[in-house]
Amino acid sequence: MVYKPSMKYYLHFLCLFFFFSCSVNTPSVSSLSYKRITVELDNGQRTERLSLFLRFRDEDGSNEYESMTLTQKNMQLYWHITRNLTSFFKTDYDDKYSLLVGTNKIAHPQGKIPLGDYELQVSDMQGNRVVRLFSINDESKLSPLDAKLTIENGKWRVQVYDEKNYNYFYLLLLGADRQPVFLKTLSITENTAIEEPIETLKKDWPDARYLQLCAENAVRTKGYLARPIEFK
């Protein structure tokens, strides 16, 4: 007598195969960075925004990221940041399963980011979620940046003058859509300058079209984003 598996058996096998072939790994979140930043607008004015970035890692692949929802718990104010509104870029610390995700564009209708407790929910494409909590408690004001980025004679140059509010400086490479491509740490302090050929950046990051000078204070709770400069 020959045993013939029933249709019910095949359906059960297919269901198990489908289940185990789907995403089963819950993503992890590390290196959560949040800070209020002063942003230079194209019209020369300055405004305050919240910068929120995290290292998203998923063993099913870094492309599994879906969205994040930020809630100001005291006011029940929330921002839902979908995938197409999120910036993605790699650093020297990321492998094939991780990348930095986030945005510099979280704004409040009245211009200032409110103080209080915040909840961040990060979701992947399978509906898995990770929750992180943080607080913003100190008052802030729009502080100018006593440093300058210039592009001349095929070189970019950053000059830091008598800067007292910010201690760490970065060069942010942006694509044609002004989304971040790579973040370069600058070894520079007040009353010094650094410069390099543009061609070096273009060779390593051919999709970059803009450079943007960034800065952070000593405890990395406040930042500054200068106006992007286009290069060719």
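First things first, this report covers the structure right here in the doc. Quantities reported herein were computed from a predicted structural model and do not represent experimental measurements.

It is worth spelling out the overall build of the protein chain at this point. The helix and strand inventory of the protein chain stands at 2 helices and 16 strands. Restricting to contacts in the protein chain with at least 6 residues of sequence separation, those with at least 24 account for 63%. Total accessible area on the protein chain stands at roughly 13800 Å², and carbon and sulfur atoms take up 52% of it.

Turning to unusual backbone geometry, a few remarks are in order. At Gln76, a residue that is not glycine, the phi angle is positive and equals roughly 55°. A residue is classified by how much of its surface remains accessible, and Gln76, at 60% relative accessible area, is exposed.

With that settled, the discussion passes to the pairing of strand β1 (residues 28-40). For a regular strand, the rule is simple: side chains alternate between the two faces of the sheet. Taken together, the 11 bridges between β1 and strand β2 (residues 46-57) define a ladder with antiparallel strand orientation. Looking at β2, one finds that Ser33 is bridged to Phe53. What sits between β1 and β2 in their antiparallel hairpin is a turn of 5 residues, with Gly44 showing a positive phi close to 95°. Strand direction decides the pairing type here: β1 and strand β15 (residues 222-225), joined by 4 bridges, are parallel. Counterpart to Thr38 in the pairing with β15 is Tyr224.

The next thing to look at is the sheet that holds strand β3 (residues 65-72). With antiparallel pairing, 4 strands are arranged side by side in an open sheet as β4-β3-β7-β8. Edge positions in the sheet fall to β4 (77-82) and β8 (129-136), since each has one partner strand and no second. If you compare each strand with its neighbour and ignore which way they point, the axes differ by 15° on average.

Once that is clear, we can look at the nonpolar core. Formed by 22 residues in total, the largest nonpolar core has its most connected members in Leu145, Trp156, Val158, Phe169, Leu186, Leu211 and Leu213. At the level of secondary structure, the elements contributing two or more residues to this core comprise β9 (147-152), β10 (155-160), β11 (168-174), β12 (180-186), α2 (198-204) and β14 (210-216). Counting 20 residues, the second largest nonpolar core, distinct from the first, contains Leu70, Val101, Ile106 and Phe134.

Counted by the stated rule, this structure contains 6 aromatic pairs. A centroid spacing of 5.5 Å and a plane angle of 80° characterise the contact between Phe56 and Tyr65, whose relative ring orientation is edge-to-face. For the pair Phe56 and Tyr65, one class covers both residues: buried. Ring centres of Phe182 and Trp205 lie 4.4 Å apart, and the angle between their planes is 20°; this geometry places the pair in the stacked category. Of the two residues, Phe182 is situated in strand β12 and Trp205 in the loop between α2 and β14; the sequence distance between them amounts to 23 residues. Judged by relative accessible area, Phe182 falls into the buried class, the value being 12%. Among the aromatic side chains, those forming a connected cluster through ring pairs are Tyr34, Tyr118 and Phe134. Here the basic side chain of Arg178 rests over the ring of Tyr210, its NZ or CZ set 4.8 Å away from the ring centre.

The next point concerns the pairing of β10. Relative to β10, β9 runs antiparallel, the two sharing 6 bridges. Each bridged residue has a counterpart across the sheet, and for Glu152 the counterpart in β10 is Lys155. If you look at the hairpin formed by β9 and β10, you'll find 2 residues sitting between the two strands, and Asn153 has a positive phi there, around 50°. Here β10 pairs with strand β13 (residues 192-197) via 6 bridges, running antiparallel. Paired with Lys155 across the strands is Pro197, a residue of β13.

So, on to the side chain of Glu48. Relative to the helices and strands, Glu48 is located in strand β2. Taking relative accessible area as the criterion, Glu48 reaches 4% and is therefore assigned buried. Polar contacts involving the side chain of Glu48 include one to the main-chain amide nitrogen of Ile113, which spans 2.8 Å.

If you trace the 3 strands from one edge of the open sheet to the other, you get β9-β10-β13, paired in antiparallel fashion. Of all strands in the sheet, those with a lone pairing partner are β9 and β13, marking the two edges. Taken pair by pair, the neighbouring strands of this sheet meet at an average axis angle of 15°, ignoring direction.

Reading guide: rules and limits
Residues numbered from 1 in each chain as written. Predicted model: local features only at pLDDT ≥ 70, side-chain atom pairs only at ≥ 80, totals over all residues. Heavy atoms only, no water. Helix = DSSP H or I, 4+ residues; strand = E, 2+ residues; numbered from the N terminus. Contact = heavy atoms within 4.5 Å. Areas by Shrake-Rupley, 256 points an atom, 1.4 Å probe, with all protein chains shown as cover. Buried < 20%, exposed > 50% of the residue type's maximum accessible area, 1.4 Å probe, protein only. Pairing = 2+ DSSP bridges. Axes fitted to C-alpha atoms, helices over the stretch in contact; angles between N-to-C directions. Core = buried A, V, L, I, M, F, W, Y, C linked by side-chain atoms within 4.5 Å. Phe/Tyr/Trp six-rings, centres within 6.5 Å; stacked < 30°, edge-to-face > 60°. Lys NZ or Arg CZ within 6 Å of the ring centre and 35° of its normal. Polar contact = N/O pair within 3.5 Å; in protein donor to acceptor, adjacent residues only side chain to side chain.

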